[in-house]
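Coordinate analysis (summary)
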Amino acid sequence: MLAAIRDFFEKNLAGPTDPAHSEHAIALATAALLLEVVRMDGGLEPRERDTVLRAVHDKFGLAPGEADQLVALAEAEAKQATDYFQFTSLLNRHFSAEQRVRVIEHMWAVAYADAELSAWEQHLIRKVADLLYVSHGDYVAAKMRAKAAGPP
């Protein structure tokens, strides 16, 4: 499993000027958090997965096939994770406040993708927003933007 993750990132995400750059880990952490929203309500609907793929594609500029690979790897990583801190700590180190708010907005978009917002999804997003040091005002604004955008 680790070899597959490393190979994917070396082939698709490693920066040519800085091979040690952690872009791959950041992309994986972001995708894993988005997939956690999908897992919260117990089922993976095509609209939710499409929303995750679109968010990963938009955020990291990946081709559709690369986004599919990243999401598959993130699913495996999220299943093995024992907490969210391993993901959020990485994002806190490398993302600006605006970028962290954008992650929360993507999480809301995933939650709204199936047109059913569960209490579990809301709880997860609030928890992650706290771990990312997103203010309550920014959390609510991200939620409203995602809701206004509507399901994909």
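Let us look at the structure shown here. What you see is a predicted model, and the numbers here were worked out from it, not measured in a lab.

1. Here we look at helix H4 (residues 64-80)
An ideal rise of 1.5 Å per residue puts 24 Å on 17 residues; H4 measures up with 25 Å between its terminal C-alpha atoms. Within H4, the full set of buried residues consists of Ala 67, Leu 70, Val 71, Leu 73, Ala 74, Ala 76 and Ala 78.

2. Side note on the nonpolar core
If you look at soluble globular proteins, the nonpolar side chains tend to sit buried side by side. Ranked by internal contacts, the top residues of the largest apolar core, which has 45 residues, are Val 52, Val 56, Leu 91, Ile 104, Met 107, Trp 108 and Ile 125. Of all the secondary structure elements, the ones that give two or more residues to this core are helix H2 (23-40), helix H3 (46-60), H4, helix H5 (85-94), helix H6 (97-112), helix H7 (119-131) and helix H8 (136-149). The leading source of residues in this core is H2, at 11 residues. If we skip the residues at most four places from it in the chain, Ile 125 touches Val 37, Ile 104, Met 107, Trp 108, Ala 111 and Tyr 139.

3. Brief notes about the environment of Asp 68
Residue placement: Asp 68 occurs in helix H4. Spatially, the C-alpha atoms of Asp 68 and Val 56 are 9.2 Å apart, while their sequence positions differ by 12 residues. Non-local contacts of Asp 68, meaning those with residues more than four positions away in its chain, are made with Arg 49 and Leu 53.

4. Re the packing of H2 against H5
For the pair H2 and H5, the least separation of the axes is 9 Å and the interaxial angle reads 130°. Judged by the inter-axis angle, H2 sits oblique to H5. In terms of crossing hand, the pair formed by H2 and H5 is left-handed. Contact with H2, carried on its side by Ala 25, Ile 26, Ala 29, Thr 30, Ala 32 and Leu 33, involves Phe 87, Thr 88, Leu 90, Leu 91 and His 94 of H5 and no other residues of that element. Residues of the contact of H2 with H5, tallied by class, amount to eight nonpolar, three polar and no charged.

5. Points about the pattern of salt bridges
Counted according to the given criterion, the structure contains four salt bridges. A salt bridge links Glu 105 to Arg 145, with the nearest nitrogen and oxygen atoms 2.7 Å apart. A residue pair is termed long-range when its members are at least 10 positions apart, and Glu 105 in helix H6 and Arg 145 in helix H8 qualify at 40 residues. In this structure, Asp 130 engages Arg 126 in a salt bridge whose closest nitrogen and oxygen atoms are separated by 2.6 Å. In this pair, Asp 130 and Arg 126 both sit in helix H7, four residues apart, roughly one turn of the helix.

Thresholds, definitions, all that
Residues numbered from 1 in each chain as written. Predicted model: local features only at pLDDT ≥ 70, side-chain atom pairs only at ≥ 80, totals over all residues. Heavy atoms only, no water. Helix = DSSP H or I, 4+ residues; strand = E, 2+ residues; numbered from the N terminus. Expected span 1.5 Å × (residues − 1). Buried < 20%, exposed > 50% of the residue type's maximum accessible area, 1.4 Å probe, protein only. Core = buried A, V, L, I, M, F, W, Y, C linked by side-chain atoms within 4.5 Å. Contact = heavy atoms within 4.5 Å. Axes fitted to C-alpha atoms, helices over the stretch in contact; angles between N-to-C directions. Parallel < 35°, antiparallel > 145°, perpendicular 65-115°, else oblique. Left-handed = near helix turned anticlockwise from the far one by under 90°. Nonpolar A, V, L, I, M, F, W, Y, C, P; charged D, E, K, R; others polar. Salt bridge = Lys/Arg side-chain N within 4 Å of Asp/Glu carboxyl O.

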